[in-house]
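# Coordinate analysis (summary)
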Amino acid sequence: MIRCLSVAVLLSLAPLGVAAQGAEVAFGGLQQDTSAPVEVTADALRVNQSDGTALYTGNVLIAQGQMRLAAPRVLVVYAQQAGRIKRMEATGGVTLVSGSEAAEAQRADYDIEGGKVIMSGNVLLTQGPSALTAERMVVDLRDGTAQMTGRVRTVLQQSPDGTAPQGQP
């Protein structure tokens, strides 16, 4: 009886430990080939040749491989080499989806050359039935991991037999 109570107390405190520190999260659904073509659709486009940018606005949807990013506004910054995208800055409420994993935030900066997506501002990550929140999340698309920082909170759903459902951290 005491052992069961001790285990229950430890399990209830586990999310508090995550909340006080950064959390490393498996993000395998977002492992991505960053050299894959990028497709952008939007309601409007404004190109600035002088600074090498393109501003997409209105229902912007970006697709690269299995990854989808949606936002009201996305600024694309081109690299010096013609036709290569250096980075994208999505703002105004961003949703990033790949497979069964999804993340939402106020802003997302995608460094294509570095293979990293930095999401900030009320980040919500869902993995199946579980959810994690933080102020900032850095996703490494090459190895499929994410680092969450800034008051991390985790809600882990247990299956009826007491084991973590598939696809959970």
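Residues numbered from 1 in each chain as written. Predicted model: local features only at pLDDT ≥ 70, side-chain atom pairs only at ≥ 80, totals over all residues. Heavy atoms only, no water.

## Some details on the overall build of the protein chain
Put simply, the rule reads: A run of H or I in DSSP becomes a helix once it reaches four residues, and a run of E becomes a strand once it reaches two; helices and strands are each numbered from the N terminus. Throughout, exposure labels follow a simple rule: accessible area from a 1.4 Å probe, protein chains only, divided by the maximum for the residue type, with under 20% read as buried, over 50% as exposed, and the rest as partly exposed. Note on contacts: a residue pair qualifies if any of its non-hydrogen atoms lie within 4.5 Å across the two residues. A 1.4 Å probe and the Shrake-Rupley method give the accessible areas. Residues count as covered only by the protein chains that appear here.
Within the protein chain, the regular secondary structure consists of one helix and 11 strands. Listing each helix as α and each strand as β along the protein chain from the N terminus yields α-β-β-β-β-β-β-β-β-β-β-β. The burial tally for the protein chain puts 36% of its 169 residues in the buried class. Nonlocal contacts in the protein chain, meaning residues at least 24 apart in sequence, comprise 40% of its contacts between residues at least 6 apart. Put simply, the protein chain shows about 9600 Å² of open surface, and 55% of that area lies on carbon and sulfur atoms.

## Digging into the side chain of T91
The residue T91 is located in strand β6 (residues 85-98) in this model. If we ignore the near neighbours within four places in the chain, the residues touching T91 are A71, P72, R73, Q106 and R107.

## Things to note about the confidence of the model for the protein chain
We apply this condition: What pLDDT reports is the predictor's confidence in each residue, on a scale of 0 through 100.
With 73% of its residues at a pLDDT of 70 or more, the protein chain has an overall mean of 79. Put simply, helix α1 (residues 2-20) is where the protein chain has its lowest mean pLDDT, 31, and strand β3 (residues 44-48) is where it has its highest, 96. Low pLDDT, under 50, characterises residues 1-21; the stretch is placed with nine contacts to residues that sit more than four places away or in other chains.

## Quick notes on the pattern of salt bridges
Here is the rule: Throughout this description, the term salt bridge denotes a Lys or Arg side-chain nitrogen within 4 Å of a carboxyl oxygen of Asp or Glu.
Counted according to the given criterion, the structure contains four salt bridges. Put simply, E89 and R87 hold a salt bridge, and the shortest N to O gap is 2.9 Å. Judged by its relative accessible area of 32%, R87 is partly exposed. The residue D109 makes a salt bridge to R107 at a minimum N-O spacing of 3.0 Å. Given a relative accessible area of 23%, D109 falls into the partly exposed group. The partly exposed category is assigned to R107, whose relative accessible area is 30%. Salt bridges sharing common partners tie together R87, E89, R107 and D109.

## With respect to the nonpolar core
Quick reminder of the rule: Only buried residues count toward a nonpolar core, which is a set of Ala, Val, Leu, Ile, Met, Phe, Trp, Tyr and Cys residues joined through side-chain atoms within 4.5 Å.
Counting 31 residues, the largest nonpolar core has L69, V74, M88, V117, M119, M137 and M148 as the members making the most contacts within it. Counting only elements with at least two residues in this core, the list comes to β4 (53-64), β5 (67-78), β6, β7 (101-111), β8 (116-127), β9 (130-140) and β10 (145-149).

## Describing the pairing of β9
What counts is decided by this rule: Strands are labelled as partners when DSSP assigns at least two bridges between them.
As defined by bridge partners, β8 adjoins β9 across 10 bridges and the pair is classed as antiparallel. Along β9, the bridge assignment pairs T126 with A131. By the bridge criterion, three bridges tie β9 to strand β11 (residues 153-155) in an arrangement that is antiparallel. Across the sheet, the residue bridging to L132 is T154, located in β11. Hairpin geometry of β9 and β10 is characterised by an intervening segment of four residues between the two adjacent antiparallel strands and by a positive phi of about 75° at G144.

## What to know about the environment of T133
Mapped onto the fold, T133 is located in strand β9. Sequence spacing of T133 and A103 is 30 residues, and the spatial spacing of their C-alpha atoms is 9.4 Å.

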